[in-house]
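# Report on the structure
The chain contents come next:
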Amino acid sequence: MLDRHLAMHGENCTLRRKEGTQLTERDVTVRASVRGLRGTEIVGTATQAFSRAVISMTQILAAGWPAGHTVTPGAVDPRLPRPNDFLVVGGKPRQVSFVNPIRVDGVVVRVELTVAG
């Protein structure tokens, strides 16, 4: 259902991870629903420059992103976006500051991101 909703109402964005000493960029195109934070969500260090994005793992898994990583039982899944990754929205890189993976029966079905910039 999420993939269908994102296909109809989302936009193509690029999820980017910079790695290594030469900051190699690893990109994957994802469908995302991006919106500004509501007034009640602007607390602490969050400002109007922050946005909330919802993505599916479908494109990430299909692309094998990020290449060269293996999933180790008990460790954080390297395929999940993480703070300091970037979500490029409308050509503008926005830094991921918070990641909330939503699981159903142990499977990530939705990822909520807070991005800044």
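Everything discussed here concerns the structure shown above.
None of these values were measured; they are calculated from a predicted model. (Residues numbered from 1 in each chain as written. Predicted model: local features only at pLDDT ≥ 70, side-chain atom pairs only at ≥ 80, totals over all residues. Heavy atoms only, no water.)

## Side note on unusual backbone geometry
- In this model, W65 is joined to P66 through a cis peptide bond whose omega is -20°.
- Relative to the helices and strands, P66 is located in the loop between α2 (58-63) and β4 (86-89).
- Within the chain, N84 stands out as a residue other than glycine whose phi angle is a positive 85°.
- Checked against the element boundaries, N84 lands in the loop between α2 and β4.
- The backbone of D105 shows a phi angle near 50°, a positive value even though the residue is not glycine. (Helix = DSSP H or I, 4+ residues; strand = E, 2+ residues; numbered from the N terminus.)

## Section: the pattern of salt bridges
- Here the structure, examined in full by the defined rule, presents eight salt bridges.
- With its nearest N and O atoms 2.9 Å apart, the salt bridge here joins R16 to D27. Placement of the pair is R16 in strand β1 (residues 11-19) and D27 in strand β2 (residues 24-36), with a sequence separation of 11 residues.
- By relative accessible area, R16 is classed as buried at 18%.
- Looking at D27, the relative accessible area reads 39%, which means it is partly exposed.
- With a closest N to O distance of 3.8 Å, K18 and E25 form a salt bridge.
- According to the relative accessible area criterion, E25 is partly exposed, its value standing at 42%. (Salt bridge = Lys/Arg side-chain N within 4 Å of Asp/Glu carboxyl O. Buried < 20%, exposed > 50% of the residue type's maximum accessible area, 1.4 Å probe, protein only.)

## Section: the pairing of β1
- Of the pairings in the sheet, the one linking β1 to β2 comprises nine bridges and is antiparallel in character. Bridge pairing links N12 to R31 in β2.
- Across three bridges, the pairing between β1 and β4 is antiparallel. Residue L15 lies in a different strand from β4, and its bridge partner there is L87. (Pairing = 2+ DSSP bridges.)

## Focus: the nonpolar core
- Among the nonpolar cores identified, the biggest contains 18 residues, and L15, V30, I55, I60, L87, V111 and L113 are the most heavily contacted of them.
- Mapped by element, the contributors of at least two residues to this core are β1, β2, β3 (50-55), β4, β5 (92-104) and β6 (107-116).
- Ignoring sequence-local partners within four residues, the contact set of L113 consists of S51, R52, A53, I55, P81, L87, V96, F98 and V99. (Core = buried A, V, L, I, M, F, W, Y, C linked by side-chain atoms within 4.5 Å. Contact = heavy atoms within 4.5 Å.)

## Digging into the packing of aromatic side chains
- Inspection of every chain in the model, using the stated rule, returns zero aromatic pairs.
- Over the face of the ring belonging to F86 we find K18, whose NZ or CZ atom lies 5.2 Å from the ring centre. (Phe/Tyr/Trp six-rings, centres within 6.5 Å; stacked < 30°, edge-to-face > 60°. Lys NZ or Arg CZ within 6 Å of the ring centre and 35° of its normal.)

## A word on the pairing of β5
- Where β4 and β5 come together, four bridges link them in antiparallel fashion. What sits directly across from L87, in β5, is R94.
- Counted between consecutive antiparallel strands, the loop separating β4 from β5 contains two residues, among which G90 sits at a positive phi close to 60°.
- As paired elements, β5 and β6 share nine bridges and run antiparallel to each other. Residue pairing for β6: F98 is matched across the bridge by T114.

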